[in-house]
Each structure stands twice: as C-alpha cells, then as structure tokens.
Amino acid sequence: MNRRRNPFRATLGATPPVLVGRSDVIEDFALALDEGPGFHERVTLVTGARGVGKTVLLNALEDAAEERVWWVISETATPGFVNRIRDTAYRRMVGHLRENRQRLSAITLGGYALNWEDTEVHRPTTTLRDVLTEFLDLQHQLDERFHQEPVGLLITLDELHYSVSDEVIDFGTVIQHLVRENANIAVAMAGIPAAIKPLLASNEAQNPVTFLRRANRVELGAVSDEDVAIGLVKPVEDAGRSWEPEAVAAAVAACGGYPFMIQLVGQWSFHYAQGDVIDLAAAERGIAKAQRKLGQLVHEPALADLSDVDRTYLAAMARDDGPSRTADIAERLRVSPQYANQYRRRLMDAEMIRPVKTGYVDFELPYMRDYLREHIVTDAFDLVLGEDEQPRLPGL
Ligand SMILES: Nc1ncnc2c1ncn2[C@@H]1O[C@H](COP(=O)(O)OP(=O)(O)O)[C@@H](O)[C@H]1O
Ligand SMILES: [Mg+2]
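Residues numbered from 1 in each chain as written. Chains lettered and ligands numbered in written order. Predicted model: local features only at pLDDT ≥ 70, side-chain atom pairs only at ≥ 80, totals over all residues. Heavy atoms only, no water.

Visitor: Teacher, can you tell me more about the overall build of the protein chain here?
Guide: When its secondary structure is counted, the protein chain shows 17 helices and 12 strands. Relative to its full complement of 396 residues, the protein chain shows a buried share of 50%. Sequence separation of 24 or more characterises 73% of the internal contacts of the protein chain that already satisfy a separation of 6 or more. Working note: accessible area of the protein chain is about 19300 Å², and carbon and sulfur atoms make up 48% of it. (Helix = DSSP H or I, 4+ residues; strand = E, 2+ residues; numbered from the N terminus. Buried < 20%, exposed > 50% of the residue type's maximum accessible area, 1.4 Å probe, protein only. Contact = heavy atoms within 4.5 Å. Areas by Shrake-Rupley, 256 points an atom, 1.4 Å probe, with all protein chains shown as cover.)

Below, the structure written as structure tokens:
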C-alpha cells in the first residue's frame, strides 16, 4: 500500500494544496497593490460562511503582498487588535531602522536616523496612526533614496465582528486618514456576514465605518464544479496518484461547491484508496466520512452552543428545501410570530441563520439542513409543548 503523504488540508485556516476559484480576487488585489494608492481594491472586505475559505484567501492576499516585498501585518479582530497592530508595526519599524542604521546614518532622512531611540521612549503614548504614519514616511523616503519600487504595508484583519465595533471604528478612522493622504497601504478584512452586517448597517449620522461600506466587497460563495474537480484532482496527481472518473464525479457532487468539503472529501477518499487509484468504493467511504467530519467540525459545535428552543427553530427550518418563511416556522412551532421573531433574532446573533429576502431566513452554514435532517429531524416531525409552554422536539 502506498503511504505517500496525504496532500489535502482539512483544517480551518490551513492553506489548501490547490486554492481554486479565487484567482480573480487575488489578481484584482495584486493589481491594486501594483497600481498604487487610491485603487479601490486596496481596501477589501471578504464575507462568507464558515469554511468557505476567507482565512486562506487572506493568506493568499498576504502572499501576493510578500511577493512584492511588502510589509504584512496579520491580525485577528479580537479585543486589543488595534494596539497589537500598533505594537507589531512599531517593533518592525524599529527593527527596520536598526537594520538600516548604517545606511540611514549615511544619508539624511528627515531626522529619523537621529531620533530612532526617542521613538522607543515615547512608545506608551504613541497611537496606531502615529506609528503607521511614521513608518510609511520612512519607507517612502527609503524608496526614493534607493530608487526602488515603493514598498507598501498590507494589514489583514480576520474574523471581523461587531462585538469589537469600537476598535473597528478606531482602526477605520486611521486607515481612512492614511488612504486620504495617499499612503502606500492596503487592508484586507474578513468575517462572516452576520458579524459584519451590524457594522455596515450602523445608522449614525456620521457613520465612522464608512470605510467598510466603501470597501471592495468580496462575497465568497460556492466554487464551480469545474474548480472543485481541479481542487480534488490536481493534489492527487501531484502526489503520484489518480481518481477513477466515477469516483471523482461522485466526490465533486458531494462537495456541492463548498471549499471545506473539497479538503474533507479529498483527504478521506485519498486515505481509503487501496492503491494508487482512488476508486468509487474509496470515494464513497471518503464522502460519508467527510460528511460526518463536517458535522463534527462545523455543525455540532455550532448547535451545541444553542438552547433547545433555538435548535427547535432550526429543526423546523430544515423541513424546507430552501429558504424558510418565518411565518411558516412560527406556525410549525405553534407560537406567535412575535415570539418566533425572538428566536429568529437570537439565531441571527448566533450566526446560525441569515435573512435572505423579506420574511425569509436561510441557514448560514452549508449542509446544516442535511445535518439537522439526519440528526434531529425525524420523519414523524412532531412538536410537543414542554412544561414551560415552549415547543420541543421529542428527544431534545
Ligand atoms: N478556494 C479553495 N480551494 C480549496 N480549498 C479551500 C479553498 N478555500 C478554502 N479551502 C479549504 O477549506 C477549509 C476552510 O477554509 P478557511 O479559510 O479556514 O475558511 P473560513 O475562514 O471561511 O472559515 C480549509 O481546509 C481550506 O484549506
Ligand atoms: Mg477563518
């Protein structure tokens, strides 16, 4: 049996062996880096469900920046991220100054060469804007001095969430200033729609997050079956193996365009192959395993955080083949529309569902419907009222 290493990467955040279906986004972004300040794509906001590939897309955008010898700061939007970006920029700026100390002392650079130690002393009061402005100025002067391609700074911010909206506002204000000053900077942010929508929807008179609204919006969704096939076949061929045609057809169908499934189906089909060829039997075992894994890795943890009533609402939705009418859900739950609306809002906050059109909701996560149908919803879907008069599914 061939023991060659499994090429797939079925882990959230892990860059896949072949990143499919995202080359347009990456090329547009890279072009904006090359074209200079002012290009719209230089501030990009990526949205999409869990497992659709936001993080690995940010990684690819970072690669594009690094290929251009740009500076890259990579952060996650958890509390304190603004100061973390400031500190990283600061450390690297000072590091950069130290590296270039000899070079700098030989030339006149707006006083930076003389003052670099002072910067360290003044650190506690230094804001993100101060640090970035100084850093970009210095870099600009170096570019001019050495007649080199302008070196910019890319900041990526993953898992953007409205719970840190104050910091997002601070960050946005700084970026907006720098963009207005034509700084050589780019920002790529990502988050799930439910976490970003409240940020975009803010109705304040002077909405401080206009920079988010103006950002180049990339809504990541399913990739085409052709791309799924490439994502499944190329890594296997590169590993010196192959798929039987029926096996790859079954695998592509099972992925339904969902990038995380490419890695899961690929990984497990590869694993179950007896020899150098992945046959239909191996693919079918791989698909079944991938679906269970997706349930474990994505659906189960998401459901575990919810209350019984919330799960019941989702189970009621799973009876529909597409988006559910909220009025129908209320009826199925035998509660008033107002009462059902409370669950709906809670589930939206929990990023489990999203409104699709007026009066309709759909699952945020791909395959959630299937998971619920298999694990919670039974054919004899029958609601019972608990002692607290709340609807329950039998067995929940
Ligand atoms: N375009 C793609 N082609 C192939 N695999 C992908 C693609 N995008 C994501 N993946 C895989 O899907 C999984 C989830 O990607 P990730 O970026 O963590 O999703 P998100 O950040 O949106 O939750 C990872 O295993 C990754 O390797
Ligand atoms: Mg992610």
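There is more to say after this.
Visitor: Please clarify how the site of ligand 1 should be interpreted in this entry.
Guide: Residues in close proximity to ligand 1 total 22 residues, the closest being R9, G13, A14, G51 and K54. Here an oxygen atom of ligand 1 and a backbone polar atom of T11 are 3.0 Å apart. A distance of 2.6 Å is found between an oxygen atom of ligand 1 and a backbone nitrogen or oxygen belonging to A14. Bound to the protein, ligand 1 loses 97% of the 560 Å² it would expose on its own. When each cavity is represented as a set of grid points, ligand 1 is found to reside in the largest pocket. Put simply, the parts of the chain that give the shell around ligand 1 at least two residues each are α2 (54–67) and α12 (259–272). Looking at side-chain class alone, the shell around ligand 1 contains 12 nonpolar, six polar and four charged residues. (Near = heavy atom within 4 Å. Polar contact = N/O pair within 3.5 Å; in protein donor to acceptor, adjacent residues only side chain to side chain. 1 Å grid on protein atoms, 1.4 Å probe; cavity = no way out; pocket = protein on both sides within 12 Å on 5 of 7 lines; lining within 4 Å. Sits in = over half its atoms within 2 Å of the grid points. Nonpolar A, V, L, I, M, F, W, Y, C, P; charged D, E, K, R; others polar.)

Visitor: Help me understand the sheet that holds strand β10 (residues 360–363) in this model?
Guide: The strands that make up a sheet are held in pairs by hydrogen bonds between backbone atoms, and each pair lies either parallel or antiparallel. Taken together, three strands build an open sheet; the order of strands is β8-β10-β9 and the sheet is antiparallel. One side of each edge strand has no neighbouring strand; the edge strands of this open sheet are β8 (324–325) and β9 (353–357). Bridge analysis of β8 against β10 gives two bridges, and the strand direction is antiparallel. By the bridge assignment, R325 is partnered in β10 with Y360. Of the strands in this sheet, β9 and β10 touch helix α16 (residues 337–349), which is tilted by about 110 degrees from β9. (Pairing = 2+ DSSP bridges. Axes fitted to C-alpha atoms, helices over the stretch in contact; angles between N-to-C directions.)

Visitor: Help me understand the pairing of strand β5 (residues 216–219), please; the structure alone is not making it clear to me.
Guide: Within a regular strand, the side chains alternate between the two sheet faces. Burial along β5 is one-sided: N216 and V218 are buried, and none of R217 and E219, which face the opposite way, are. Two elements, strand β1 (residues 43–47) and β5, share four bridges in a ladder whose sense is parallel. Pairing of T47 across the sheet is with E219, part of β5.

Visitor: For this particular structure, what's the right way to read the layout of surface pockets?
Guide: Taking a probe equal in size to a water molecule and rolling it over the atoms shows the remaining empty space. Its boundaries defined by the atoms lining it, the largest pocket holds a volume of some 670 Å³. Here the lining of the largest pocket gets four residues from one element, more than from any other, and that element is α12. Across the lining of the largest pocket, the residue classes tally to 18 nonpolar, 10 polar and seven charged. Counting contributing residues per domain, the lining of the largest pocket is built from domain 1 (23–219) and domain 2 (225–302), each supplying no fewer than three. Along its surface, the second largest pocket is lined by 29 residues, and A49, L220, G221, R354 and E364 are the ones closest to its centre. Among the elements that take part in the lining of the second largest pocket, helix α8 (residues 193–201) stands out by supplying four residues, more than any other. (Points joined across faces, edges and corners; volume = space filled by probe spheres on them. Domains from an automatic or database assignment.)

Visitor: I would appreciate a short explanation of unusual backbone geometry in the present structure.
Guide: Only a minority of non-glycine residues have a phi that is not negative, and only a minority of peptide bonds are not trans. Phi at V69 takes a positive value of approximately 55 degrees, unusual for a residue other than glycine. Overall, V69 belongs to the exposed group, its relative accessible area being 63%. The backbone of H147 shows a phi angle near 50 degrees, a positive value even though the residue is not glycine. Its place among the elements puts H147 in the loop between α6 (128–145) and β3 (153–158).

Visitor: Explain the packing of aromatic side chains here, please?
Guide: For any pair of aromatic rings, geometry is given as the distance between the ring centres together with the angle between the planes. Enumeration according to the criterion identifies seven aromatic pairs in this entry. Ring plane angle 75 degrees and centroid distance 5.4 Å describe the contact between W71 and F135, whose orientation is recorded as edge-to-face. Here F135 lies in helix α6 and W71 lies in strand β2 (residues 71–76), a separation of 64 residues in the sequence. Aromatic pair Y339 and Y343: ring centres 5.2 Å apart, planes at 70 degrees, arrangement edge-to-face. With Y339 and Y343 both in helix α16 and four residues apart, the pair spans about one turn of that helix. Given the relative accessible area of 27%, Y339 is considered partly exposed. With relative accessibility at 3%, the residue Y343 sits in the buried group. Following the ring pairs from residue to residue traces out a cluster consisting of F81, F171 and F211. The aromatic ring of F270 is capped on one face by R241, whose charged end is 4.2 Å from the ring centroid. Looking at K357, its charged tip hangs above the ring of Y360, at a distance of 4.4 Å from the centre. (Phe/Tyr/Trp six-rings, centres within 6.5 Å; stacked < 30°, edge-to-face > 60°. Lys NZ or Arg CZ within 6 Å of the ring centre and 35° of its normal.)

Visitor: Got a minute to help me understand the sheet that holds strand β4 (residues 185–191) in this structure?
Guide: Judged by pairing direction, the sheet is parallel, and its five strands sit side by side in the order β2-β3-β4-β1-β5 without closing on themselves. On the outer flanks of this sheet lie β2 and β5, each paired with one strand and no other. Direction aside, neighbouring strands of the sheet carry axes that sit 15 degrees apart on average. Note that β3 and β4 share five bridges and pair parallel. Directly across from I155, in β4, lies its bridge partner V187. The strands that α8 touches are β1, β4 and β5; relative to β1, the one it contacts most, it runs at about 135 degrees.

Visitor: Would you take a moment to explain helix α10 (residues 225–238) for this structure?
Guide: Since one α-helical turn is 3.6 residues long, residues separated by three or four positions face the same way. For α10, with 14 residues, the first-to-last C-alpha span of 20 Å sits near the 20 Å given by 1.5 Å per residue. Contact partners of the buried residues in α10: β6 (242–243), α11 (245–255), α12 and β7 (277–278). Phi turns positive, to about 80 degrees, at G240, one or two residues after α10. (Expected span 1.5 Å × (residues − 1).)

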